[in-house]
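# Structure at a glance
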Amino acid sequence: MKSLKNWTMYMSLGTLVFLLASCEEHCRCHHDKSASYASCLIQADWSQYTVDDDLNGMTVHCFNSDAGNAVSLATHNTEEARLNLPIGTYDVAVFSNTPDEYSFVEFDGMDRFDTAELNAVNLEQESWYDEDRLIMAPEWMGVDYIHGFEVTQDMALATAGTNCKCIDCECCATHAPSEGFLIGKVTPLNVIWTLKVKVHIEGIHNLRSARGAISGLADGYKFSLEFAKETTAAQLLSNWELTLDETDPTIGEIEVSVLTFGLPYGHGGRFDANPFSIQLLLVDDETVCSKNFQVVDGIEVDEETQTISIYIDYGEPLPNVDPNYGDGAFKAEVDDWGDGGDVNVDM
């Protein structure tokens, strides 16, 4: 009986040794000394991204400066992201939502940090405006960065066990952090500006509708600058709102608000940097009053709220005309302005 017990003990010991040997053979943390990527964790805090935007997820884009390429992860989890990153040095950009969820901007040069940028989608040119290229207004976007993070060979070897097939092997847990190496925590902030334009008008009771365009606005955003691009284009200003003076209904203001990448990098406040064109269709449904302005003196930039405000006095009272419809009420937008006469006053 004693021999049988000894034989059973030896067999059990042999089986255990076999299993351990098998585990070591298939477990990467034991035999794969050429592991080339590490399990990494990025955490995000979106509490400072206080804009009117539906945050459906985030994109973590890791630029490998050593290899000249990038690793990207889109996730609905806005609190953290786990990635397997090859050995190298990284600049990481974390931005709201995913590239596919943006309709009015394009992501270009995303393999390298120094070429990565957002570019506004071109808008079909308006027949009345031929001064500059027109672009669509961008959507809201929040961005933050981690710079110069290094994934080392030691990190790759340490986290290799988290990916081994031998999931029951207790040794895996002793060689690597359970959630990977923490790269850092980002706090994305909004990078899109709001442009508000207000025009004071006398004779405003003669106004039916308005349209405008402002040039010299940035046409994109550069990741490496963490700022708007240097190149510019124009944005259309439509859907104006009218406010009448409380005591004189012949005086009032029209105002419009639009999202923009803001003033370009190196703007410098030049006098000719932001030409503004406006056309006013009068209530006779025929007369169009046009003016051009240089608005640099009327620009106010609020860095805290990321708002650009422009106030303009139209100057000349609008001419009195006979209404061609109803009560002559102001319309935010009119599709067909007709081919009537113009009243052009350039400034």
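Please refer to the structure placed before this passage.
Report follows, based on the coordinates. Keep in mind that this is a model prediction, so the values were computed, not measured.

## Digging into the overall build of the chain
Counting secondary structure elements, the chain contains four helices and 23 strands. The proportion of buried residues among the 347 residues of the chain is 45%. Here the chain displays about 18,300 Å² of accessible surface, and carbon together with sulfur accounts for 48% of that area.

## Comments concerning the pairing of strand β22 (residues 307-313)
Note: strand β12 (residues 193-202) against β22, seven bridges, orientation parallel. Within β22, the residue paired with T194 across the bridge is T307. By the bridge criterion, four bridges tie strand β21 (residues 299-302) to β22 in an arrangement that is antiparallel. From the neighbouring strand, D302 faces β22, where its bridge partner is T307. Where β21 folds back on β22, the antiparallel hairpin that results is connected by four residues, among which Q306 adopts a positive phi of roughly 50°.

## A short note on the packing of aromatic side chains
For the structure shown, the criterion picks out 12 aromatic pairs. Ring geometry for F113 against Y145: centres 6.1 Å apart, planes inclined by 80°, an arrangement best described as edge-to-face. A residue pair is termed long-range when its members are at least 10 positions apart, and F113 in the loop between β6 (105-108) and β7 (117-120) and Y145 in strand β9 (residues 142-151) qualify at 32 residues. Judged by relative accessible area, which is 14%, F113 ranks as buried. Above the face of the Y314 ring, K291 is positioned so that its terminal group lies 4.3 Å from the ring centre.

## Points about the sheet that holds strand β17 (residues 241-244)
If you walk across this open sheet you meet the five strands as β17-β18-β12-β22-β21, and the pairing is mixed. This sheet does not close on itself; its edge strands, each paired only once, are β17 and β21. Across the sheet, the axes of successive neighbouring strands diverge by a mean angle of 20°, strand direction being ignored. By the bridge criterion, 10 bridges tie β12 to strand β18 (residues 251-260) in an arrangement that is antiparallel. What sits directly across from V197, in β18, is V256.

## Some remarks on the sheet that holds strand β10 (residues 181-186)
Reading across from one edge, β4-β1-β10 is the order of the three strands in this open sheet, with mixed pairing throughout. Every interior strand has two partners, whereas the edge strands, β4 (80-86) and β10, have only one. Geometrically, the sheet is characterised by an average inter-axis angle of 25° between neighbouring strands, direction not taken into account. Pairing analysis gives seven bridges linking strand β1 (residues 37-44) to β4, with the strands arranged antiparallel. By the bridge assignment for β4, Q43 is matched with E80.

## Notes on a nonpolar patch on the surface
A contiguous nonpolar patch, built from L225, F227 and Y265 and spanning about 270 Å² of accessible area, is present on the exposed surface. Counting through the fold element by element, F227 comes out in strand β15 (residues 227-228).

Cut-offs applied
- Chains are numbered independently. Their residues run from 1 in the order of the written sequence.
- Local features in this predicted model are restricted to residues of pLDDT 70 or higher, and side-chain atom pairs are both shown and tallied only at a pLDDT of 80 or more, whereas totals for entire chains, interfaces and linings draw on every residue.
- Hydrogen atoms and water are omitted, and side-chain values are computed over all heavy atoms in the structure.
- Under the scheme used here, helices are H or I runs from DSSP no shorter than 4 residues and strands are E runs no shorter than 2 residues, and both carry numbers assigned from the N terminus.
- Exposure classes here rest on a 1.4 Å probe applied to the protein chains alone. A residue is buried below 20% of its type maximum, exposed above 50%, and partly exposed in between.
- A 1.4 Å probe and the Shrake-Rupley method give the accessible areas. Residues count as covered only by the protein chains that appear here.
- Should DSSP find at least two bridges between two strands, the strands are taken to pair.
- Pairing of aromatic rings covers Phe, Tyr and Trp, the last through its six-membered ring, and needs centres within 6.5 Å; plane angles under 30 degrees mean stacked, over 60 mean edge-to-face, and all others mean tilted.
- Cation placement over rings: the criterion is NZ of Lys or CZ of Arg within 6 Å of the ring centroid and within 35° of the ring normal.
- Helix axes are fitted only over the stretch in contact, all axes being lines through C-alpha atoms; the angle between N-to-C directions runs from 0 to 180 degrees.
- In this scheme, patches are assembled from residues that exceed 30% relative accessible area and form no salt bridge. Like charges are connected within 9 Å, while nonpolar side chains (Val, Leu, Ile, Met, Phe, Trp, Tyr) are connected within 5 Å.
- Salt bridges are defined by distance alone: a side-chain nitrogen of Lys or Arg within 4 Å of a carboxyl oxygen of Asp or Glu.

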